[in-house]
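Below are the chains, spelled out letter by letter.
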Amino acid sequence: MIRQYELVERVKAYDPDACETTLNRAYVYATQKHGSQKRASGDPYFSHPIEVAGILTNYKLDCDTIITALLHDTIEDTDATPEEITKLFGSNIMKLVDGVTKLTQIELKSADSKQAENFRKLLLAMSEDIRVLLVKLADRLHNMRTLHYISKPEKRVRIAAETLEIYAPLAERIGMHDIKEELEDLAFQHINPEARESILARLEFLREKDDNVVNRIVNELKDVISRQGLKVDIYGREKRPYSIWQKMQRKNITFGELSDIMAFRVLVEDMPQCYEVLGYMHANYKVVPGRFKDYISTPKPNGYRSIHTTVLGPENHRIEVQIRTRHMHEVNENGVAAHWAYKQDKPSGEQKEGVQYRWLRDLLDILEHASEPEEFLEHTKLAMFQDQVFCFSPKGDVIALPARATPVDFAYMIHTHIGDTCVGAKVNGAMVPLRTVLNNGDQIEIVTSKAQTPNPTWERFVVTGKARARIRRFIRQQQEDQYKDLGKAILQKAFRQEGYDYSDKAIDGVLKIFKLPSVDAVLTSVGAGHHTGREVVHAVFPGSKDKETARKVVPIDKIRERKHDHAIPIKGLIPGMAVHYAGCCHPLPGDRIVGIVTTGKGVTIHTIDCDTLETFAEQPERWLDVGWDNDGEPEHFIGRLSLTVGHEQGALSSITSVIAKNHGNITNLRFTNRTTDFFEMLIDVDVVDVKHLTNIIAALRATPVVNTVERARG
Ligand code: MN
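Residues numbered from 1 in each chain as written. Predicted model: local features only at pLDDT ≥ 70, side-chain atom pairs only at ≥ 80, totals over all residues. Heavy atoms only, no water.

Enquirer: Sorry, what's going on with the environment of Val594 here?
Expert: If you trace the backbone, Val594 turns up in strand 14 (residues 593–598). Val594 gets classed as buried once you look at its relative accessible area, which sits at 5%. Spatially, the C-alpha atom of Val594 lies 5.7 Å from that of Asp625, the residues being 31 residues apart in sequence. Look past the residues within four positions of Val594 in its chain and what remains in contact with it is Thr604, Ile605, His606, Ile608, Leu613, Trp623, Leu624 and Val626. (Helix = DSSP H or I, 4+ residues; strand = E, 2+ residues; numbered from the N terminus. Buried < 20%, exposed > 50% of the residue type's maximum accessible area, 1.4 Å probe, protein only. Contact = heavy atoms within 4.5 Å.)

Enquirer: It is not clear to me how the coordination of the manganese ion should be interpreted in this structure. Could you clarify?
Expert: Under ideal tetrahedral coordination, the four donors around a metal are separated by 109.5 degrees; under ideal octahedral coordination, the six donors are separated by 90 or 180 degrees. Coordination of the manganese ion by the protein involves His48 (NE2), His72 (NE2), Asp73 (OD) and Asp139 (OD), with metal-donor separations of 2.1 to 2.4 Å. The motif formed by the donor residues of the manganese ion, counted along the single chain, is H-x23-H-D-x65-D. Remark: Asp73 occurs in the loop between helix 4 (63–71) and helix 5 (74–77) and His48 occurs in helix 3 (residues 47–57); sequence separation between them is 25 residues. (Donors = N, O, S within 2.8 Å, 3.2 Å for Na, K, Ca; no water.)

Enquirer: Help me out: how do you make sense of the packing of helix 9 (residues 130–145) against helix 11 (residues 177–191) in this one?
Expert: When two helices pack together, you describe them by how their axes are tilted relative to each other and by the distance separating the axes. Close contact between helix 9 and helix 11 brings their axes to 10 Å; oriented N to C, the two are set at 30°. As for the relative orientation of helix 9 and helix 11, their crossing is left-handed in sense. Taking contact as the criterion, the partners of Arg140, Leu141, Met144 and Arg145 in helix 9 are, on helix 11, Ile179, Glu182, Leu183, Leu186 and Ala187. Taken together, the residues of the contact of helix 9 with helix 11 break down into six nonpolar, no polar and three charged. (Axes fitted to C-alpha atoms, helices over the stretch in contact; angles between N-to-C directions. Left-handed = near helix turned anticlockwise from the far one by under 90°. Nonpolar A, V, L, I, M, F, W, Y, C, P; charged D, E, K, R; others polar.)

Enquirer: Even after reading the chapter, I still don't get the environment of Leu267, so can you show me in this structure?
Expert: Considering the arrangement of structural elements, one finds Leu267 in strand 2 (residues 262–268). Sequence separation between Leu267 and His329 is 62 residues, and the spatial gap between their C-alpha atoms is 7.6 Å. Beyond its immediate chain neighbours, meaning those up to four positions away, Leu267 contacts Val232, Asp233, Tyr235, Arg324, Thr325, Arg326 and His329.

Enquirer: Explanation requested: the sheet that holds strand 16 (residues 623–624) in the structure shown.
Expert: Think of a sheet as strands paired side by side through backbone hydrogen bonds, with each pair either parallel or antiparallel. The sheet built from four strands is open, its strands ordered 13-15-14-16 with mixed pairing. The sheet is open, and its two edges are formed by strand 13 (579–581) and strand 16, each paired on a single side. In this sheet, strand 15 (residues 602–607) lies alongside strand 13 in parallel orientation, the contact comprising three bridges. Bridge pairing links His580 to Thr604 in strand 15. (Pairing = 2+ DSSP bridges.)

Enquirer: Sorry, what's going on with unusual backbone geometry here?
Expert: Leaving glycine aside, a negative phi is the common case for residues, and trans is the common case for peptide bonds. The phi angle at Asn428 is positive, at roughly 50°, despite the residue not being glycine. Tracing the backbone through its elements, the reader meets Asn428 in the loop between strand 9 (422–427) and strand 10 (430–432). The backbone of Lys515 sits at a positive phi, close to 55°, despite the residue not being glycine. One can find Lys515 in the loop between helix 23 (511–514) and helix 24 (519–527).

Enquirer: I keep staring at the packing of aromatic side chains and nothing clicks. Help me out?
Expert: Aromatic ring pairs are reported here in terms of the distance separating the ring centres and the angle at which the planes meet. On inspection of all chains with the given rule, the structure shows eight aromatic pairs. Between Phe188 and Tyr242, the ring centres sit 5.3 Å apart and the planes meet at 70°, which makes this aromatic pair edge-to-face. Of this pair, Phe188 sits in helix 11 while Tyr242 sits in helix 14 (residues 241–251); the two residues are 54 residues apart in sequence, bridging distant segments of the chain. Across the pair, Tyr242 and Phe188 agree in class, each one buried. Put simply, the rings of Phe495, Tyr500, Tyr502 and Phe541 pair up and form one aromatic cluster. For the cation-ring pair, Arg39 lies above Tyr45, with the distance from its terminal atom to the ring centre recorded as 5.7 Å. (Phe/Tyr/Trp six-rings, centres within 6.5 Å; stacked < 30°, edge-to-face > 60°. Lys NZ or Arg CZ within 6 Å of the ring centre and 35° of its normal.)

Enquirer: I would appreciate a short explanation of the pairing of strand 9 in the present structure.
Expert: Each regular strand displays side chains that alternate between the two surfaces of the sheet. Across five bridges, the pairing between strand 9 and strand 11 (residues 444–448) is antiparallel. Note on strand 11: the bridge partner recorded for Ala425 is Ile446. Across three bridges, strand 9 lies against strand 10 in antiparallel orientation. Note that in strand 10 the partner of Val427 across the bridge is Ala430. In sequence, strand 9 turns back onto strand 10 through a hairpin of two residues, with Asn428 there showing a positive phi of about 50°.

Enquirer: What exactly am I supposed to notice about the packing of helix 3 against helix 4 here?
Expert: Running from amino to carboxyl end, helix 3 crosses helix 4 at an angle of 155°, the nearest separation of the two axes being 7 Å. In terms of orientation, helix 3 and helix 4 fall into the roughly antiparallel class. Regarding helix 3 and helix 4, the two cross each other, and that crossing is right-handed. Facing helix 3, whose interface residues are Pro49, Ile50, Val52, Ala53, Leu56 and Thr57, helix 4 presents Thr65, Ile66, Ala69 and Leu70. Class assignment of the residues belonging to the contact of helix 3 with helix 4 gives a composition of eight nonpolar, two polar and no charged. (Parallel < 35°, antiparallel > 145°, perpendicular 65-115°, else oblique.)

Enquirer: How do you make sense of helix 11 when you look at a structure like this?
Expert: An α-helical segment advances 3.6 residues per turn. Residues three or four places apart therefore align on the same side. Taking 1.5 Å as the rise per residue, helix 11 with 15 residues should run 21 Å; its terminal C-alpha atoms sit 21 Å apart, in good agreement. Along helix 11, 11 of the 15 residues are buried, which leaves the element largely enclosed by surrounding structure. Among the residues making up helix 11, those that are buried are His177, Ile179, Lys180, Glu181, Leu183, Glu184, Asp185, Leu186, Ala187, Phe188 and His190. (Expected span 1.5 Å × (residues − 1).)

Enquirer: What am I meant to see in the side chain of Arg265 here?
Expert: Along the chain, Arg265 turns up in strand 2. Within the structure, the side chain of Arg265 is placed 2.9 Å from the side chain of Gln322, a separation counted as a polar contact. (Polar contact = N/O pair within 3.5 Å; in protein donor to acceptor, adjacent residues only side chain to side chain.)

Enquirer: It is not clear to me how the sheet that holds strand 19 (residues 665–674) should be interpreted in this structure. Could you clarify?
Expert: The sheet built from four strands is open, its strands ordered 19-20-18-21 with antiparallel pairing. Each having just a single partner strand, strand 19 and strand 21 (706–711) make up the two edges of the open sheet. Strand-to-strand, the axes of this sheet are offset by a mean angle of 20°, without reference to chain direction. Bridge count for strand 18 (residues 637–646) against strand 20 (residues 678–687) is 10 bridges, and the pairing is antiparallel. Across the sheet, residue Thr644 finds its bridge partner in strand 20, namely Glu680. With respect to the sheet, helix 27 (residues 651–661) is in contact with strand 18, strand 19, strand 20 and strand 21, its orientation differing from that of strand 20 by roughly 20°.

The following block contains the structure:
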């Protein structure tokens, strides 16, 4: 175990300004708090945080990180409180300790690899300060080094598997190569000890057979390069058992066939020398095709830079040679930690400030070399995961959701049916409103009820496409049902007016004329205003007396064509822009109009005197100067009339016949108020333009039963 003064000395060796007092205080605090607690090894528990701190001094990490390492288990495992830690060490340290504690508290329960991927992202997202992640990795490394003390084999295997799935890739992603390799090797010992043993035995055999081969190769390579007058360092080593094992699995080869088990590193001064050395290698030895990789011109997403080539080297040994500068080497091995230490060397007055952001910046620095945007997204970039949130299902699955997701999004993500029937949600055991915004690591339980259906108000707060699409579909379905009922009512009335009895069967006989697949579709079409009741009656009874007023039936596909393909009779629009006519003011050709740009919906056309426009008074950028284009073919528009009509027999039929005589089609009729004396109603009429509507209004005013008639606004 590292002694107190030893730890302080280690930190002071690379950071002379280190806060000695606080370091000492943290050391003593951790030993006192963990007191007589014991590790599985029988060691006092406090040896663990001290070792973790020791690991981090190897990466020359700042004082706060070392102190956080010393305190990292106190909140979780002792009676230490956040208040006490804040008082003794300040709020910055407390934030870091809290971060590590949170990472420790979440636990992955499912082992499939998709889950592992999400879990890694969760850990990254939760490590707002990368130092939190570094402490967590060092914590895991020390636990792995002492894993053999755990007596239960299943527990050892579970922890080792988690290390392989989660922590080794995390270490690699932030570029901490040697932590990654050690974690993998330690895990390999517990997961597949036989394979590891046989690889080690084989390596031993090769070593005995060919004594000192690594040294001989190193010497020959040195010779070849120094002949050119270059000063380089060359290190040779056998590859790690786990990386040999992976290669054997990946390539499906046996150990005998695996030739390049030796790797050599050539460290040079600057980048041009890297390519110079590469030249000497290829000039002196046969190149193994397909193995050359230039990670200097195209670094890996985690910032790794090096040149790799495989040659038939000295004594015809197949060897991999990695060529890099010393600085690249340091970054390759220690990732962000090295990068940070390197920057820290620079004298700077703003050192103490914004440390957290500098860390992020440094990480971004490394990542900006990433070549594949996808990989870039996939890996490492902490900030990237700030727009995602990761939550747990009751079974322990990690569900990735966009930021600001709610329990409804979560429910739809689990299963459409659960979304459709959700009535409530528990977050971390407590009931919350369905609109609650979820946080990283929340555990969500959805309460469902068979009687529930999607609620249209959910659409206002859900953020996932899946939830939104499903809710909209439901609303559309509901609307269609309403149209169907309305259509039926309109038809029954239209049939009665013409002296016929309505029957589904009669409609069934004329489906072809409308090009609609079913009776329901005809009803819906009438309800939605695509066809009038009169059109349907005349389709069923072609010989009807009222032939002149009957309009030629337009099949449904022609109506749709008309709606979509006809040029929009409006000037001042960008071609291809979607256009809607506002439901509040129902603009008609001839009206003075204005366009309002609506995000995701194109342009909505309002009449210039529409009250709704006040809403957009503050946003002049959304106003679009538009006018009617009279060159186009006549289109049909909906005009809305507001009427007060005397309550007397035949009133409604005289109104409808006045409108029909003036070639207007009623597409909708709604009573807004009904007293003993008067009806108030809104009538939507299919007209050609504003003049057409004015004519109808005039004709209505001339009708005795009509008390008042106006164009309806809003
Ligand atoms: Mn720990």
